[in-house]
Amino acid sequence: MTDQAETDRFSHDAGILAQALPYMQRYEGKTVVVKYGGHAMGDLKLGQAFARDIALLKQSKVNPIVVHGGGPQIASMLKNLGIESKFEGGLRVTDQRTMEVVEMVLAGSINKEIVALINAEGEWAIGLCGKDGNMVFARKAEKKVIDPNSHIERVLDLGFVGEPVEVDRTLLDLLARSEMIPVIAPVAPGRDGNTYNINADTFAGAIAGSLGAKRLLFLTDVPGVLDKDGKLIPELTVRDAKALIADGTISGGMIPKVETCLEALDNGVEGVVILNGKQPHVVLVELFTEFGAGTLIVR
Ligand SMILES: Nc1ncnc2c1ncn2[C@@H]1O[C@H](COP(=O)(O)OP(=O)(O)O)[C@@H](O)[C@H]1O
Ligand SMILES: CC(=O)N[C@@H](CCC(=O)OP(=O)(O)O)C(=O)O
């Protein structure tokens, strides 16, 4: 390396450190819930970079909690088994057989893959779902839609799709005081004895709300909320977000995601961020740099 190149590298590294350290202090002792979506998974290098970020958060005395999805992975397992995937209002219609596959893929293979990746970074991750430690109880989801032909409201029967109704933070509080990092699959029991499949965004929102998390990060496959010209919007208020839904700028899968963000803010989460999980180390860049990486939604 030439002297000039060496000097440039030094000032670049010093700049990053000087920027990151105050942010690291800001998050010390605070809870950050990270929702790791199925679309952000699949690439080993990216998975390792994600696991490294989570490990570094714990080492920086932040309390990270991972809630993961796995929609595409469930779809491919259902396909292999010859079971049809059906969605209504963005949620997977879940009969008994589908529920068994969902639990196997989410609470089984995906959960343990993420645990293993974090543990390979020298940390102590522990794989859980809503059933463990009575953490989350769900009830059958009541999703209402307006029929486009008759304009009459009807309730969809989605089978074993649930919505979280009770979150008990005892186990999570215990883990926060330990070396353990919880990695949670969005599957929960009902008081009726059934097992329910919960949309991972909704589940992460409920966990973050019950803990009054400082940040809830959603890792998806776009840089954040995009405006009409496809440009990233770095910061939104609740009012801005509602206006973008109303005028159609926010559509499709982004609608329930942003609605979950708004609900989480209502429930006491300080800030919610939508980020591109396909960008390596996006979690660290978001939390520990001045400009962050995605769209921050605040009250
Ligand atoms: N204004 C918008 N900004 C960004 N993404 C949007 C917007 N409106 C709709 N979308 C869509 O929302 C998708 C993200 O939602 P979704 O597919 O449900 O995410 P995930 O599966 O990661 O939970 C994006 O890939 C994009 O196609
Ligand atoms: C009820 C419902 O739709 N559950 C989702 C749970 C997984 C999920 O939400 O995964 P992503 O975050 O990767 O989309 C499903 O069965 O696909």
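Rules and cut-offs
Residues numbered from 1 in each chain as written. Chains lettered and ligands numbered in written order. Predicted model: local features only at pLDDT ≥ 70, side-chain atom pairs only at ≥ 80, totals over all residues. UniProt positions renumbered as here; feature names shortened; annotations may be inferred. Helix = DSSP H or I, 4+ residues; strand = E, 2+ residues; numbered from the N terminus. Buried ≥ 20, exposed ≤ 12 C-beta atoms within 10 Å, placed from the backbone. Near = placed C-beta within 6 Å. Nonpolar A, V, L, I, M, F, W, Y, C, P; charged D, E, K, R; others polar. Pairing = 2+ DSSP bridges. Right-handed = clockwise from strand over helix to strand, strands pointing away. Contact = placed C-beta atoms within 7 Å.

If you look the protein up in an unreviewed UniProt entry, it shows as Acetylglutamate kinase from Devosia lucknowensis. Reading the Sequence similarities (unreviewed entry) entry of the UniProt record for the protein gives the comment "Belongs to the acetylglutamate kinase family. ArgB subfamily." Check the Catalytic activity (unreviewed entry) section of the UniProt entry for the protein; it says "N-acetyl-L-glutamate + ATP = N-acetyl-L-glutamyl 5-phosphate + ADP".

A. Structural view of unusual backbone geometry. Its identity as a non-glycine residue notwithstanding, asparagine 134 has a phi of 50 degrees, on the positive side. With respect to the helices and strands, asparagine 134 occurs in the loop between strand S5 (124-129) and strand S6 (136-140). The exposure class assigned to asparagine 134 is partly exposed, which follows from the 14 C-beta atoms found within 10 Å. Look at histidine 281: it is not a glycine, yet its phi comes out positive at around 60 degrees. Structurally, the position occupied by histidine 281 is in the loop between strand S15 (271-276) and helix H9 (282-288). What makes histidine 281 partly exposed here is the crowd of 15 C-beta atoms within 10 Å.

B. Geometry of the site of ligand 1. Gly37, Thr220, Leu226, Gly253 and Met254 are the nearest of the 16 residues found near ligand 1. Of the residues in the shell around ligand 1, the class split is five nonpolar, eight polar and three charged.

C. Molecular detail of the pairing of strand S2 (residues 63-68). Taken across its six residues, S2 has six buried, putting it largely inside the fold. Burial along S2 is two-sided: Asn63, Ile65 and Val67 and Pro64, Val66 and His68, pointing in opposite directions, are all buried. Pairing geometry for strand S1 (residues 31-36) and S2, over six bridges, is parallel. If you follow valine 34 over to S2, its bridge partner there is valine 66. As a crossover connection, the stretch from S1 through helix H2 (residues 44-59) into S2 is right-handed. Alignment of S2 against strand S10 (residues 180-185), held across two bridges, turns out to be parallel. Residue pairing in the sheet places valine 66 in a bridge with valine 183 of S10.

D. Structural view of the UniProt feature "site: Transition state stabilizer" (unreviewed entry) in the protein. In the UniProt entry, the feature "site: Transition state stabilizer" (unreviewed entry) is given for Lys35 and Lys257. With the annotated positions falling across 223 residues, the maximum pairwise C-alpha distance of 10.9 Å places them together in a single cluster. Relative to the assigned elements, lysine 35 resides in strand S1. Beyond its immediate stretch of four places on either side in the chain, lysine 35 contacts Val67, Ala200, Asp201, Ala204, Leu217, Phe218 and Leu219. Summarising the element assignment, lysine 257 is placed in helix H8 (residues 254-266). Residue lysine 257 is classed as buried on the basis of its 22 C-beta neighbours within 10 Å. With near-sequence residues (within four places) excluded, lysine 257 lies in contact with Asp201, Phe218 and Ile274.

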